[in-house]
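Below, each chain spelled out in residue letters.
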Amino acid sequence: MAYAIVEDLIARFGEVDVIRLSAPEGQLDGMVDQARVILALDSASALIDSYLRRRYATPLSPVPPEIKDTCCTLARYELARGEQKTPSEQMREEHKATLTWLRMIADGTVFLDAALAGATAPAVAGARVSDRARDFAAGPGLP
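Thresholds, definitions, all that
- Residues numbered from 1 in each chain as written.
- Predicted model: local features only at pLDDT ≥ 70, side-chain atom pairs only at ≥ 80, totals over all residues.
- Heavy atoms only, no water.
- Salt bridge = Lys/Arg side-chain N within 4 Å of Asp/Glu carboxyl O.
- Helix = DSSP H or I, 4+ residues; strand = E, 2+ residues; numbered from the N terminus.
- Buried < 20%, exposed > 50% of the residue type's maximum accessible area, 1.4 Å probe, protein only.
- Expected span 1.5 Å × (residues − 1).
- Arc of directions from axis to C-beta.
- Contact = heavy atoms within 4.5 Å.

Chemist: Could you clarify how one ought to interpret the pattern of salt bridges in this entry?
Modeler: Note that side chains of opposite charge can pair when their charged atoms are close. Per the stated rule, a full pass over the model turns up 6 salt bridges. Between Glu89 and Arg92 there is a salt bridge; the shortest N-O distance is 2.9 Å. Residue Glu89 and its partner Arg92 are located together in helix H5 (residues 89-107), separated by 3 residues, close to a single helical turn. Since its relative accessible area comes to 45%, Glu89 is described here as partly exposed. Through salt bridges with shared partners, a single ionic network connects Asp17, Arg20, Arg76 and Glu94.

Here it is, written out as C-alpha coordinates:
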(Lines give C-alpha, C1' and ligand atoms only; values in the text may rest on other atoms or scores of the structure.)
Protein backbone atom coordinates (compact mmCIF):
# COMPACT_ATOMS: atom_id res chain seq x y z
CA MET A 1 0.00 0.00 0.00
CA ALA A 2 1.42 3.35 -1.03
CA TYR A 3 1.00 6.33 1.26
CA ALA A 4 0.23 8.63 -1.68
CA ILE A 5 -1.31 8.32 -5.12
CA VAL A 6 -0.39 9.84 -8.47
CA GLU A 7 -2.87 12.68 -7.95
CA ASP A 8 -1.20 13.57 -4.63
CA LEU A 9 2.17 13.89 -6.34
CA ILE A 10 0.66 16.07 -9.07
CA ALA A 11 -1.14 18.25 -6.50
CA ARG A 12 2.07 18.75 -4.54
CA PHE A 13 4.55 19.37 -7.38
CA GLY A 14 2.47 20.15 -10.46
CA GLU A 15 1.57 18.11 -13.49
CA VAL A 16 4.33 19.54 -15.69
CA ASP A 17 7.02 18.50 -13.19
CA VAL A 18 5.56 15.00 -12.78
CA ILE A 19 5.30 14.57 -16.56
CA ARG A 20 8.91 15.71 -17.00
CA LEU A 21 10.19 13.40 -14.26
CA SER A 22 8.15 10.33 -15.17
CA ALA A 23 8.56 10.39 -18.96
CA PRO A 24 11.25 8.14 -20.41
CA GLU A 25 14.23 10.05 -21.83
CA GLY A 26 13.19 12.00 -24.94
CA GLN A 27 9.47 11.17 -24.73
CA LEU A 28 7.59 14.15 -23.38
CA ASP A 29 4.16 13.29 -24.79
CA GLY A 30 2.14 15.33 -22.31
CA MET A 31 1.07 12.35 -20.20
CA VAL A 32 2.17 11.24 -16.76
CA ASP A 33 3.73 7.79 -16.90
CA GLN A 34 1.40 6.29 -14.29
CA ALA A 35 3.36 3.04 -13.95
CA ARG A 36 6.66 4.81 -13.20
CA VAL A 37 5.02 7.14 -10.70
CA ILE A 38 3.23 4.30 -8.92
CA LEU A 39 6.50 2.36 -8.71
CA ALA A 40 8.24 5.42 -7.20
CA LEU A 41 5.39 5.93 -4.69
CA ASP A 42 5.50 2.25 -3.69
CA SER A 43 9.27 2.45 -3.26
CA ALA A 44 8.95 5.61 -1.16
CA SER A 45 6.28 3.98 1.01
CA ALA A 46 8.48 0.94 1.61
CA LEU A 47 11.34 3.23 2.63
CA ILE A 48 9.05 5.11 5.03
CA ASP A 49 7.87 1.83 6.57
CA SER A 50 11.48 0.74 7.08
CA TYR A 51 11.92 3.72 9.41
CA LEU A 52 8.52 3.54 11.09
CA ARG A 53 7.99 -0.17 11.75
CA ARG A 54 10.18 -0.14 14.86
CA ARG A 55 7.72 2.15 16.61
CA TYR A 56 4.48 2.07 14.62
CA ALA A 57 2.15 -0.55 13.19
CA THR A 58 2.74 -0.35 9.45
CA PRO A 59 1.29 0.34 7.01
CA LEU A 60 -0.16 3.38 8.75
CA SER A 61 -3.91 3.69 8.48
CA PRO A 62 -5.22 6.31 8.31
CA VAL A 63 -2.27 7.99 6.64
CA PRO A 64 -1.15 11.14 8.46
CA PRO A 65 -0.83 14.13 6.06
CA GLU A 66 2.87 14.53 6.84
CA ILE A 67 3.50 10.93 5.75
CA LYS A 68 1.64 11.53 2.47
CA ASP A 69 3.83 14.60 1.84
CA THR A 70 6.95 12.62 2.77
CA CYS A 71 5.99 9.89 0.32
CA CYS A 72 5.58 12.47 -2.46
CA THR A 73 8.94 14.08 -1.69
CA LEU A 74 10.76 10.73 -1.73
CA ALA A 75 8.98 9.58 -4.91
CA ARG A 76 9.85 12.84 -6.71
CA TYR A 77 13.51 12.40 -5.79
CA GLU A 78 13.40 8.79 -7.02
CA LEU A 79 11.84 9.85 -10.34
CA ALA A 80 14.56 12.47 -10.79
CA ARG A 81 17.33 9.86 -10.68
CA GLY A 82 18.56 7.77 -13.60
CA GLU A 83 18.11 7.90 -17.39
CA GLN A 84 20.36 10.95 -17.61
CA LYS A 85 18.24 12.73 -15.00
CA THR A 86 19.76 14.28 -11.91
CA PRO A 87 17.87 15.62 -8.90
CA SER A 88 18.12 19.37 -8.43
CA GLU A 89 19.88 20.82 -5.40
CA GLN A 90 16.48 21.61 -3.90
CA MET A 91 15.37 17.98 -4.37
CA ARG A 92 18.57 16.71 -2.75
CA GLU A 93 18.09 19.02 0.24
CA GLU A 94 14.44 18.01 0.63
CA HIS A 95 15.42 14.33 0.38
CA LYS A 96 18.13 14.77 3.02
CA ALA A 97 15.76 16.65 5.36
CA THR A 98 13.07 14.00 4.86
CA LEU A 99 15.45 11.16 5.77
CA THR A 100 16.60 13.10 8.84
CA TRP A 101 12.97 13.54 9.91
CA LEU A 102 12.29 9.81 9.41
CA ARG A 103 15.36 8.97 11.53
CA MET A 104 13.99 11.23 14.26
CA ILE A 105 10.71 9.30 14.18
CA ALA A 106 12.59 6.00 14.34
CA ASP A 107 14.64 7.28 17.31
CA GLY A 108 11.54 8.50 19.14
CA THR A 109 12.44 12.19 18.96
CA VAL A 110 9.42 12.95 16.75
CA PHE A 111 6.06 11.27 17.16
CA LEU A 112 3.20 10.57 14.78
CA ASP A 113 -0.47 10.35 15.61
CA ALA A 114 -0.59 6.67 14.67
CA ALA A 115 -0.95 3.25 16.28
CA LEU A 116 2.20 2.06 18.01
CA ALA A 117 3.80 -1.24 17.06
CA GLY A 118 2.60 -4.09 19.24
CA ALA A 119 -0.27 -2.02 20.59
CA THR A 120 -3.42 -3.93 21.26
CA ALA A 121 -6.95 -2.72 21.49
CA PRO A 122 -7.74 -1.24 24.89
CA ALA A 123 -9.37 -3.61 27.32
CA VAL A 124 -13.06 -3.05 27.82
CA ALA A 125 -14.02 -2.62 31.44
CA GLY A 126 -17.24 -4.11 32.76
CA ALA A 127 -18.92 -7.37 33.58
CA ARG A 128 -18.64 -10.34 31.29
CA VAL A 129 -21.75 -12.27 30.39
CA SER A 130 -21.91 -15.80 29.03
CA ASP A 131 -24.78 -17.34 27.12
CA ARG A 132 -24.04 -20.86 28.37
CA ALA A 133 -25.30 -22.44 31.54
CA ARG A 134 -22.59 -23.43 33.97
CA ASP A 135 -22.45 -26.81 35.63
CA PHE A 136 -21.84 -26.43 39.33
CA ALA A 137 -21.06 -29.59 41.23
CA ALA A 138 -22.41 -29.77 44.71
CA GLY A 139 -19.57 -29.56 47.14
CA PRO A 140 -19.32 -31.16 50.56
CA GLY A 141 -22.16 -30.15 52.77
CA LEU A 142 -24.23 -28.74 49.89
CA PRO A 143 -27.52 -30.27 48.79
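Chemist: Looking at this structure, I do not really get H5. What am I missing?
Modeler: In an α-helix, one turn spans 3.6 residues, which is why side chains three or four residues apart end up on the same side. Compared with the 27 Å implied by 1.5 Å per residue over 19 residues, the 27 Å span of H5 between its first and last C-alpha is a close match. Among the residues making up H5, those that are buried are Met91, His95, Thr98, Leu99, Leu102, Ile105 and Ala106. Projected down its long axis, H5 carries its buried residues within an arc of 115°, all on one side. Looking at H5, the residues exposed on the side facing more than 90 degrees away from the buried face are Lys96 and Asp107. Elements in contact with the buried residues of H5: helix H2 (15-22), helix H3 (34-52) and helix H4 (65-79). Gly108, located one to two residues past H5, shows a positive phi value of around 85°.

Chemist: In this structure, what is going on with helix H1 (residues 6-13)? I would like to understand it.
Modeler: Of the positions making up H1, those classed as buried are Val6, Asp8, Leu9 and Phe13. Angularly, the buried residues of H1 cover 160° about the axis, an arc narrow enough to put them on a single face. In this fold, the buried residues of H1 make contact with H2, H3, H4 and H5. Residue Gly14 follows H1 closely and has a positive phi angle near 95°.

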